[in-house]
Amino acid sequence: MSQPLAERLRPRSLDDYIGQRHLVGEGAVLRRMIDAGHISSFILWGPPGVGKTTLAQIIAHRLEVPFYTLSAVTSGVKDVREVIERAQKERFFNQESPILFIDEIHRFSKSQQDSLLGAVEKGTVTLIGATTENPSFEVIRPLLSRCQLYVLKSLEKDDLLQLLERALKDDIYLKERSIELKETSAMLRYSGGDARKLLNILELVVEASQPDEPIVITDQLVEERLQQNPLAYDKDGEMHYDIISAFIKSIRGSDPDAALYWMARMIEGGEDPQFIARRLVISAAEDIGLANPNALLLANAAFDAVMKIGWPEGRIPLAEAAVYLATSPKSNSAYLGIDAALQLVRQTGNQPVPLPLRNAPTKLMKDLGYHDGYKYAHDYPGNFVEQQYMPDALKDERLWHAQHSPSEEKLYQQMLRCWGKRFEK
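Residues numbered from 1 in each chain as written. Predicted model: local features only at pLDDT ≥ 70, side-chain atom pairs only at ≥ 80, totals over all residues. Heavy atoms only, no water.

Visitor: Would you explain the packing of helix α9 (residues 157-170) against helix α11 (residues 195-207) in this entry?
Guide: When two helices pack together, their arrangement is given by the angle between their axes and by how far apart the axes lie. One way to put it is that α9 packs onto α11 with a least axis distance of 11 Å and a crossing angle of 45°. Between α9 and α11, the angle is such that the two are oblique. The hand of the α9/α11 crossing is right-handed. Residue-level contacts link L160, L163, L164, A167 and L168 of α9 to A195, L198, L199 and L202 of α11. (Axes fitted to C-alpha atoms, helices over the stretch in contact; angles between N-to-C directions. Helix = DSSP H or I, 4+ residues; strand = E, 2+ residues; numbered from the N terminus. Parallel < 35°, antiparallel > 145°, perpendicular 65-115°, else oblique. Left-handed = near helix turned anticlockwise from the far one by under 90°. Contact = heavy atoms within 4.5 Å.)

Shown next, in the form of structure tokens:
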């Protein structure tokens, strides 16, 4: 077989593309742009194996424009500039801009991303970036502001089953074999919504069988084959998203042993240390929160330390942070509070700011009553005076509810002293 199964089955048109109906289904946002023959720069964010690269290639083919590809792992600023120069020379008048596809754009440095800005802004190229990481952390703000962001989802069960059926029916090699899909649960479970991984599993099972014998695929057969070759179905590291999930849940569940174990699995699997460090910072804010505010400081310090010293010594501050977070008291009151506030904003819209809280830099604003009646807290005993800070329509809403860990209890008692009955709810 000259190519892997996943490459042989790569869709060539949107009609063959499986999943992501919210983006490319009839009437969906990307489908409308493609059908209109014009797209703007965008970034595709989603887990591995959900069709980011394939979608970019389909778009370029459909629009009949030059398609350039760069990998953020192997390309530098020089490569970016060379591609942009070629795109300028090859573009014809009134033709759509060439497409520049950058895989793993989150791995581009700031200088590499800066080198794209001018070409994207002028329309020299249409940028399509692909990333498995949150772009708001990894893509510089000026570039992100020039691109739409589309989120791709893990493929659902029906999508994966459709992909398996297509493989057995259409692949030039598999359709010549006698293959029965008797059970699929194990294949779907191990794939984790990753189309490439699913096809790798199918190919592994088939290649491990005799060329002339019928193949009956069962859960037991899949598990046996994967145990014999546990990494064959995951080229980028073992169960990436399952393991980071187990790591975070171990910290949240106050189990330092499990947290260290799952961290070791990530390190041995070649995980990016920034990925681990970033999750520690998120966990410190989300799960430990106000129960131990020092957790966020330590997690952030571990992130900085790893960036300065790299591997293998970076494992030590990461381990220190993981153990500290796992053994800290837990509170998600701030996390719940901001989510409640966002929900309230979505439900109630743009409520007016009370006049005493408004800024009054001009005489007109002062004449209109801006800032009138504002009480400066530091002018009062205890640096507190009761006044209304919420919009009039929401003045009785409560969003933050203390969870009474020893550290947070002090904050709660301070609120009781200030506000009395309002915080007794």
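Now, onward.
Visitor: How should I be thinking about the pairing of strand β3 (residues 99-103) in this particular structure?
Guide: Consecutive residues of a regular strand have side chains that alternate between opposite faces of the sheet. For β3, a buried count of 4 out of 5 residues is recorded, marking the element as mostly surrounded by other parts of the structure. Pairing analysis gives 5 bridges linking β3 to strand β4 (residues 126-131), with the strands arranged parallel. By the bridge assignment, L100 is partnered in β4 with L127. (Buried < 20%, exposed > 50% of the residue type's maximum accessible area, 1.4 Å probe, protein only. Pairing = 2+ DSSP bridges.)

Visitor: Sorry, what's going on with the packing of helix α15 (residues 273-288) against helix α17 (residues 315-327) here?
Guide: Where α15 meets α17, the axes come as close as 11 Å, and the angle between the chain directions of the two elements is 20°. Of the possible angle classes, the one that applies to α15 and α17 is roughly parallel. Here α15 runs over α17; the crossing is left-handed. Between α15, through P273, I276, A277, L280, S283, A284 and I288, and α17, the contact on the second element is made entirely by L318, A321, A322 and L325. A breakdown of the residues in the contact of α15 with α17 according to their chemical character gives 10 nonpolar, 1 polar and no charged. (Nonpolar A, V, L, I, M, F, W, Y, C, P; charged D, E, K, R; others polar.)

Visitor: Even after reading the chapter, I still don't get the packing of aromatic side chains, so can you show me in this structure?
Guide: Ring pairs (aromatic) are described by centroid distance and by the angle formed between their planes. Tallying each qualifying case throughout the model produces 5 aromatic pairs. For the pair F67 and F101, a centre-to-centre distance of 6.2 Å together with 20° between the ring planes defines the contact as stacked. Taken as a pair, F67 in strand β2 (residues 67-71) and F101 in strand β3 lie far apart in primary sequence, 34 residues in all. A relative accessible area of 27% means that F67 is categorised as partly exposed. Given the relative accessible area of 1%, F101 is considered buried. Here F384 and W419 contribute two aromatic rings whose centre-to-centre distance is 5.1 Å and whose plane-to-plane angle is 80°, an arrangement assigned as edge-to-face. Taken as a pair, F384 in the loop between α19 (363-367) and α20 (406-419) and W419 in helix α20 lie far apart in primary sequence, 35 residues in all. A residue is classified by how much of its surface remains accessible, and F384, at 22% relative accessible area, is partly exposed. The side chain of R398 reaches across the aromatic face of F423, ending 4.1 Å from its centre. Across from the ring centre of W419, 4.5 Å away, lies the NZ or CZ of R422, which sits over that ring. (Phe/Tyr/Trp six-rings, centres within 6.5 Å; stacked < 30°, edge-to-face > 60°. Lys NZ or Arg CZ within 6 Å of the ring centre and 35° of its normal.)

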